Amino acid sequence: MNVATAPEPTVYHVRQGGQGSALDIRNFNLWYGKSQALYDVNMEIQKGAVTALIGPSGCGKSTLLRCLNRMNDLIDDLRIDGEIRVGDFDIYGPGVDVIALRKRMGMVFQKPNPFAMSIYDNVVYPLRVDGVTKRSVLDETCERALRSAALWDEVKDRLKESALGMSGGQQQRLCIARGIASDPEVLLMDEPCSALDPIATLKIEELIHQLRGHYTIVIVTHNMQQAARVSDNTGFMYLGRLIEYGDTDRIFTNPKKKQTEDYVSGRFG
């Protein structure tokens with residue numbers, strides 16, 4: 001007779017930073033209808049750090065990322081259990097203003113998604129949605145965001161041109177500029193380089209290094225070398241569970257779980 005065994009608990013060895021916690025995920029479970037996609041995830045994401053989520057396709061890493069700004073709310077028949085805390089409140093608690101929450105959580109998607117408008121209007125779009133009309137504020141925000149996205153020098157003389165005429169790598173950096181224009185606390189990146197060539201990917205990685213400390217960054221990536229290059233901490237997920245979460249150097253050189261070692265060494269995935 002086969003006896004079901006309980007899954008092994010997550011192994012944690014995260015180097016503690018000095019800025020405290022930005023997000024605290026507690027006993028988090030998620031179901032799509034009757035199908036469970038996330039199992040009892042516990043994870044403290046450090047403020048100002050870059051945290052990478054790695055694992056094979058379908059392991060739940062993008063699902064977890066989209067829970068952090070409640071984008072999964074748009075999916076029918078979705079159910080969650082547990083908490084995700086930002087400071088002293090649970091983002092899934094009653095009465096939470098989801099729109100206000102998403103303003104605190106900038107989002108960058110796999111493929112660049114600039115709007116069919118000028119470079120300038122793309123960047124200041126979040127402010128205009130909030131009713132900001134003062135030109136000096138919009139101008140200052142546009143320059144600040146484009147400088148932060150390492151794009152100002154490339155586009156400062158063509159801000160009125162369509163963003164659709166930019167290269168793919170420039171478009172992705174523009175989306176990052178748009179994501180940080182409203183000065184969020186957290187920047188969520190869902191495989192932001194998967195549609196880019198190696199040179200554009202390098203520029204995005206350099207940008208992540210520059211933004212570290214100013215923002216808390218959570219990045220989902222299928223590229224383990226990229227996770228090793230850009231992140232402070234790495235969480236390895238498999239079949240909806242967080243298997244190991246720790247200092248990136250240790251995850252890739254001396255993991256504590258056999259599953260983690262097999263994945264980062266290329267034995268599966």
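Refer to the structure presented above.
Residues numbered from 1 in each chain as written. Predicted model: local features only at pLDDT ≥ 70, side-chain atom pairs only at ≥ 80, totals over all residues. Heavy atoms only, no water.

(A) Local environment of the state of the cysteines. Applying the stated criterion across every chain yields a total of zero disulfides. Cysteine C59 shares no disulfide, and the gap to the nearest cysteine sulfur, in C67, comes to 13 Å. Relative accessible area serves as the criterion here: at 2%, C59 is assigned to the buried category. Free of any disulfide, C175 has its nearest cysteine sulfur in C193, 12 Å distant. (Disulfide = S-S within 2.5 Å. Buried < 20%, exposed > 50% of the residue type's maximum accessible area, 1.4 Å probe, protein only.)

(B) Fine view of the pairing of strand β11 (residues 241–247). Along β11, six of the seven residues are buried, which leaves the element largely enclosed by surrounding structure. Pairing of strand β1 (residues 11–13) with β11 involves three bridges; the strand directions are parallel. When the sheet's bridge partners are listed, V11 is paired in β11 with E244. Relative to β11, strand β10 (residues 233–238) is paired through six bridges, and the arrangement is antiparallel. (Helix = DSSP H or I, 4+ residues; strand = E, 2+ residues; numbered from the N terminus. Pairing = 2+ DSSP bridges.)

(C) Spatial organisation of the packing of helix α6 (residues 168–180) against helix α7 (residues 198–211). The contact between α6 and α7 brings their axes to 9 Å, and the two run at 20°. With respect to each other, α6 and α7 are oriented roughly parallel. As α6 runs across α7, the sense of the crossing is right-handed. Of α7, the residues touching α6 (which contributes G169, Q172, R173, I176 and I180) are A200, K203, I204, L207 and L211. Residues belonging to the contact of α6 with α7 are distributed by class as follows: six nonpolar, two polar and two charged. (Axes fitted to C-alpha atoms, helices over the stretch in contact; angles between N-to-C directions. Parallel < 35°, antiparallel > 145°, perpendicular 65-115°, else oblique. Left-handed = near helix turned anticlockwise from the far one by under 90°. Contact = heavy atoms within 4.5 Å. Nonpolar A, V, L, I, M, F, W, Y, C, P; charged D, E, K, R; others polar.)

(D) Representation of the packing of helix α3 (residues 119–129) against α6. Relative orientation of the contacting elements α3 and α6 amounts to 35°, with a least axis distance of 6 Å. Of the two possible hands of crossing, α3 and α6 adopt the one that is right-handed. Contacts between α3 and α6 involve I119, N122, V123 and P126 from the former and L174, A177 and R178 from the latter. Residues of the contact of α3 with α6, tallied by class, amount to five nonpolar, one polar and one charged.

(E) Fine view of the pattern of salt bridges. For the structure on display, the rule yields 17 salt bridges. Notably, a salt bridge pairs R85 with E83, separated by 3.4 Å at the nearest N-O pair. Residue classification places R85 among the buried positions, given a relative accessible area of 17%. Looking at E83, the relative accessible area reads 27%, which means it is partly exposed. (Salt bridge = Lys/Arg side-chain N within 4 Å of Asp/Glu carboxyl O.)

(F) Region of the structure containing the sheet that holds strand β7 (residues 105–108). The strand order across the open sheet built from seven strands is β1-β11-β10-β4-β9-β8-β7, with neighbouring strands paired in mixed fashion. Looking at strand neighbours, the two that pair on one side only are β1 and β7, the edges of this open sheet. Averaged over all pairs of adjacent strands, the angle between their axes in this sheet comes to 15°, without regard to strand direction. Where α6 meets the sheet, its contacts fall on β7 and β8 (186–190), and the angle it forms with β7 comes to roughly 170°. Strands in contact with α7 are β4 (50–54), β8 and β9 (216–220); relative to β9, the strand with the most contacts, it is inclined by about 150°.

(G) Geometry of the packing of aromatic side chains. Evaluated as defined, the whole model comprises three aromatic pairs. Stacked on the ring of W31, the Lys or Arg R79 has its end atom at 4.0 Å from the ring centre. Looking at R241, its charged tip hangs above the ring of Y39, at a distance of 4.2 Å from the centre. (Phe/Tyr/Trp six-rings, centres within 6.5 Å; stacked < 30°, edge-to-face > 60°. Lys NZ or Arg CZ within 6 Å of the ring centre and 35° of its normal.)

(H) Examining α6 more closely. Under the 1.5 Å per step criterion, the end-to-end length of α6 is 19 Å for 13 residues, consistent within 8% with the ideal 18 Å. With respect to burial, α6 is a largely interior element, twelve of its 13 residues being buried. What α6 keeps buried is the set G169, Q170, Q171, Q172, R173, L174, C175, I176, A177, R178, G179 and I180. Residues of α6 that are buried in the fold lie against β7, α3, α4 (135–148), α5 (152–155), β8 and α7. (Expected span 1.5 Å × (residues − 1).)

(I) The arrangement of the pairing of β7 in detail. Covered by surrounding structure in β7 are M105 and M107 together with G106 and V108, the residues of both alternating faces. Where β7 and β8 come together, four bridges link them in parallel fashion. Within β8, the position partnered with V108 by the bridge is M189.

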